[in-house]
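Chains, contacts and geometry: an overview
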Amino acid sequence: MSKALGNESHAAGPREDCEGSPRRSWGLLVTAGVGGTLVALYAVATPFVTPALRKVCLPFVPATATQIQNVLKMLENRSGSLVDIGSGDGRIVIAAAKRGFKAVGYELNPWLVWYSRYRAWRDGVHQNTRFYISDLWKVSFSRYKNVVVFGVPQMMPQLEKKLQEELECNARIIACRFPFPCWIPDHTTGEGIDTVWAYDLKHSRGCETKSLEITPETES
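Everything in this summary refers to the structure shown in the same document. (Residues numbered from 1 in each chain as written. Predicted model: local features only at pLDDT ≥ 70, side-chain atom pairs only at ≥ 80, totals over all residues. Heavy atoms only, no water.)

Overview of the sheet that holds strand 3 (residues 129-133)
Adjacent strands of a sheet pair through backbone hydrogen bonds, lying either parallel or antiparallel. Short version of the rule: Paired strands are those between which DSSP finds at least two bridges. Each helix is a run of DSSP H or I of at least 4 residues and each strand a run of E of at least 2, with the numbering of both proceeding from the N terminus. Between the N-to-C directions of two axes lies an angle of 0 to 180 degrees, each axis being a line fitted to C-alpha atoms and, for a helix, fitted only over the stretch in contact.
With mixed pairing, seven strands are arranged side by side in an open sheet as 3-2-1-4-5-7-6. The open sheet is flanked by strand 3 and strand 6 (187-189), the only strands paired with a single partner. Between one strand and the next, the sheet's axes are offset by a mean angle of 15°, whatever the strand orientation. For strand 1 (residues 81-85) and strand 4 (residues 146-150), the ladder comprises four bridges, and the chain directions are parallel. From the neighbouring strand, D84 faces strand 4, where its bridge partner is V148.

Quick look at the pairing of strand 4
For clarity, the threshold we go by: Burial classes: relative accessible area under 20% of the type maximum marks a residue as buried, over 50% as exposed, and values in between as partly exposed (1.4 Å probe, protein chains only). Assignment of crossover handedness uses the view with strands pointing away from the viewer, where a clockwise path from the first strand over the helix to the second indicates a right-handed crossover.
Among the five residues of strand 4, five are classified as buried, and the element is accordingly described as predominantly covered. The alternating pattern of strand 4 places N146, V148 and F150 on one face and V147 and V149 on the opposite face, and all of these are buried. Here strand 4 runs beside strand 5 (residues 172-176); their pairing, made up of five bridges, is parallel. Note that in strand 5 the partner of V149 across the bridge is A175. Regarding topology, helix 5 (residues 156-166) serves as the crossover connection from strand 4 to the parallel strand 5, and that connection is right-handed.

As for the packing of aromatic side chains
Spelled out, the test is: Aromatic rings from Phe, Tyr and Trp, taking only the six-membered ring of Trp, are treated as a pair when their centres fall within 6.5 Å; an angle between ring planes under 30 degrees marks them as stacked, one over 60 as edge-to-face, and anything in between as tilted.
Scanning the entire structure with this criterion turns up nine aromatic pairs. Residues F141 and Y144 carry aromatic rings whose centres are separated by 6.5 Å and whose planes lie at 50° to one another, so their mutual orientation is tilted. Pairing F180 with Y199 gives two aromatic rings, centres 5.3 Å apart and planes at 80°, and the pair type is edge-to-face. With F180 in the loop between strand 5 and strand 6 and Y199 in strand 7 (residues 196-200), this pair connects stretches of sequence that are 19 residues apart. These aromatic residues form a ring-pair network of at least three members: Y106, Y132, F141 and Y144.

What about the nonpolar core?
One broad rule of soluble globular proteins: the nonpolar side chains tend to lie buried together. Test applied: Side-chain atoms within 4.5 Å link the members of a nonpolar core, which is a set of buried Ala, Val, Leu, Ile, Met, Phe, Trp, Tyr and Cys residues. Contacts: residue pairs with any heavy atoms within 4.5 Å of one another.
Ranked by size, the top nonpolar core spans 25 residues in total, and within it V71, L75, L82, V148, I174 and C176 carry the most contacts. Put simply, the parts of the chain that give this core at least two residues each are helix 2 (65-74), helix 3 (91-98), helix 4 (110-122), strand 4, strand 5 and strand 7. For this core, the leading source of residues is helix 3, giving six residues. Dropping the residues within four chain positions of it, L75 is found in contact with L82, F101, N146 and I174.

A closer look at helix 4
The periodicity of an α-helix, 3.6 residues per turn, causes residues three or four places apart in sequence to face the same way. Just so we agree on the cut-off: An expected span of 1.5 Å times one less than the residue number is assigned to each helix.
Taking 1.5 Å as the rise per residue, helix 4 with 13 residues should run 18 Å; its terminal C-alpha atoms sit 18 Å apart, in good agreement. For helix 4, the set of buried residues is P110, L112, V113, S116, R119 and A120. Just downstream of helix 4, G124 is the residue with a positive phi angle, here 75°.

Side note on the pattern of salt bridges
For clarity, the threshold we go by: Here, a salt bridge means any side-chain nitrogen of Lys or Arg that lies within 4 Å of a carboxyl oxygen of Asp or Glu.
Throughout the structure, instances matching the rule amount to six salt bridges. Put simply, D123 and R122 hold a salt bridge, and the shortest N to O gap is 3.3 Å. Among the residues examined, R122 registers a relative accessible area of 43% and is labelled partly exposed. Taken together, the shared-partner salt bridges in this structure form one network comprising D89, R91 and R119.

Written as structure tokens, this is what we have:
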């Protein structure tokens, strides 16, 4: 009897181990799957959540077709380099490149930058466009003659001061959705959220007045 029980216990042991092994394997697979999903969600969500944690939040809101047309209208008879501050999915940069501009976009969200590069390649303007992952407050815009801004009210005063200090007198700044607080626009077009304001820095800064005050000396 005891030998029979012993044999049964020995026989049951391997069976229990065999039954437990698949369970452990499934447990490991489920744990790995959940962990991988959380990592993927973190990688995707972080670029979108991080801007919201900054002092000034600049959310991604795609430009409408009307806004793009209004921006292009403000760029008529303009030339030189162009930059879109907070370029999002790149639609302003791409539209400007199709009009012959060498256009650059600065965007903090890497997913949007990569998508912008893909769109530029797809539309055949990748040679005239550049997209950079960068914080706008850490970039100098001094080499650009045309600046497009899709901002929020909280950032406009500080950005106005930054552009005032960095840009040349012949620069034009185009603000979409929200105007600058101190500058008086030289041109305005559109209505509602599609309103676009254009500022010629030579007027806002008073460059023409300064140049008139400097007169050559004449001999008496």
